[in-house]
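Chain residues, written in single-letter form:
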Amino acid sequence: MPDQQLDLNDYKRRIVDLYNRRSINYDHGKWRLQICHRLLEYSQISYQQHILDIGTGTGHLAIASAEIVGVGGRVVGVDISPQMLDVARSKVKALSLSNVELQLADAEAINYPANSFDRILCANTFPWIEDKQAALRTWYKFLKPGGLIAIHTPANTAYVGQVVLRSVLKRYGIKLDHSNRIGSIESCKQLFVNAGFEGIDIKTEQYGSYVSFDSVKAKWEELISFSFHSKSEEILSQLALIPLAEAKAKFEMELETLQTKKGIWDDLTTLYILGHKAEINKPV
Ligand SMILES: C[S@@+](CC[C@H](N)C(=O)[O-])C[C@H]1O[C@@H](n2cnc3c(N)ncnc32)[C@H](O)[C@@H]1O
């Protein structure tokens, strides 16, 4: 299917800009690859299955899935960043994979026939999804009865720099919505139940480590510019008004309070959420 011009709001255009820029060196990071392989393990993909990879990026999961499902299977990877998809496409071409289709599309506005996919996968992308409940309901329809959705997302407590930044911004009356995180385990489960999924299994893994004060301090610029990817126009205008030098000093002071002999604990609680569509197709 040829790529369509996407009709995106400002929030999504900011995401596209971010990932178009990141596409150049996105594959240098090994961390995300590790996440993809874990998700793949949990999703138990098998030969000839049909897979939908949401926010496929440079195609890690799509390609790994395509190798498992074989020529009798099919993988569709969707992403809103044309340049991330360009990287994915060149990898698919280099591997001569004929069972992968990469589509430029907003995962919140996709439309496939009901009951099309055995697995729906989503790694390192769910935090960006604007209306998570609506998206899950839509994706549920695409899943075949008995199919499985497997979503990876960092927990609210993950990344100390982001946690401290949120705490500092709160003091200026700015409430970042957990960087679009998924909430507590219980609210996360509810989100999936409300969308129709059953047998929800949330696996929690900790990939955290101690990091140096200086390394987190050095992330200030990146973190603050990341906040400007908020989906709320109100938050964006509030952010534009805060005294940045003062906020930065508060950020460093709060980080100092977290110092231990080993460094600062950089939590990386990671959730793998698995949900099933019942064998008998019932309306949501
Ligand atoms: C951190 S990357 C993850 C890429 C890949 N899944 C991985 O784990 O390596 C996030 C990707 O989600 C995409 N994305 C964000 N929001 C999206 C949306 N609404 N629809 C489709 N893709 C989206 C971004 O363009 C980006 O390529």
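*Asks:* Would you mind going over the packing of helix α6 (residues 160–171) against helix α9 (residues 220–227) with me for this structure?
*Replies:* At a minimum axis separation of 10 Å, α6 and α9 run at an interaxial angle of 65 degrees. Both α6 and α9 take part in a crossing whose hand is right-handed. Residues Gly161, Gln162, Leu165 and Leu169 of α6 pack against Trp220, Leu223, Ile224 and Ser227 of α9. Among the residues making up the contact of α6 with α9, the classes are represented as five nonpolar, three polar and no charged.

*Asks:* Explanation requested: the nonpolar core in the structure shown.
*Replies:* The tendency in soluble globular proteins is for nonpolar side chains to be buried side by side. The biggest cluster of nonpolar side chains holds 31 residues, and the ones touching the most others in it are Leu52, Leu136, Trp139 and Phe192. Mapped onto this core, the elements with two or more residues apiece are β1 (50–54), β2 (74–79), β4 (117–122), α5 (132–142), β5 (143–154), α7 (185–194), β6 (198–206) and β9 (269–276). Of the residues forming this core, the biggest block, five residues, is contributed by α5. Discounting residues that sit within four places of it in the chain, Leu136 has contacts with Phe126, Ile149, Ile151, Leu191, Phe192, Ala195 and Phe197. Residues Ile35, Ala62, Leu97 and Tyr272 belong to the second largest nonpolar core, which totals 30 residues.

*Asks:* Sorry, what's going on with the packing of aromatic side chains here?
*Replies:* Given two aromatic rings, their pairing is described by the distance between the two centres and the angle made by the two planes. Per the stated rule, a full pass over the model turns up eleven aromatic pairs. With a centroid separation of 5.9 Å and an interplanar angle of 90 degrees, the aromatic rings of Tyr19 and Trp128 are classed as edge-to-face. Taken as a pair, Tyr19 in helix α1 (residues 10–22) and Trp128 in the loop between β4 and α5 lie far apart in primary sequence, 109 residues in all. Their ring planes at 45 degrees and their centres at 5.9 Å tell us that Phe192 and Phe197 sit as a pair that is tilted.

*Asks:* What is the right way to look at the site of the ligand in this model?
*Replies:* As a structural note, the neighbourhood of the ligand is formed by 21 residues, with Gly55, Asp79, Ala107, Ala123 and Asn124 the closest of them. Here a nitrogen atom of the ligand and a backbone polar atom of Ile80 are 3.3 Å apart. Elements supplying a minimum of two residues to the shell around the ligand: α1 and α2 (31–43). Taken together, the residues of the shell around the ligand sort by class into eleven nonpolar, seven polar and three charged.

What counts, and at which threshold
Residues numbered from 1 in each chain as written. Predicted model: local features only at pLDDT ≥ 70, side-chain atom pairs only at ≥ 80, totals over all residues. Heavy atoms only, no water. Axes fitted to C-alpha atoms, helices over the stretch in contact; angles between N-to-C directions. Helix = DSSP H or I, 4+ residues; strand = E, 2+ residues; numbered from the N terminus. Left-handed = near helix turned anticlockwise from the far one by under 90°. Contact = heavy atoms within 4.5 Å. Nonpolar A, V, L, I, M, F, W, Y, C, P; charged D, E, K, R; others polar. Core = buried A, V, L, I, M, F, W, Y, C linked by side-chain atoms within 4.5 Å. Buried < 20%, exposed > 50% of the residue type's maximum accessible area, 1.4 Å probe, protein only. Phe/Tyr/Trp six-rings, centres within 6.5 Å; stacked < 30°, edge-to-face > 60°. Near = heavy atom within 4 Å. Polar contact = N/O pair within 3.5 Å; in protein donor to acceptor, adjacent residues only side chain to side chain.

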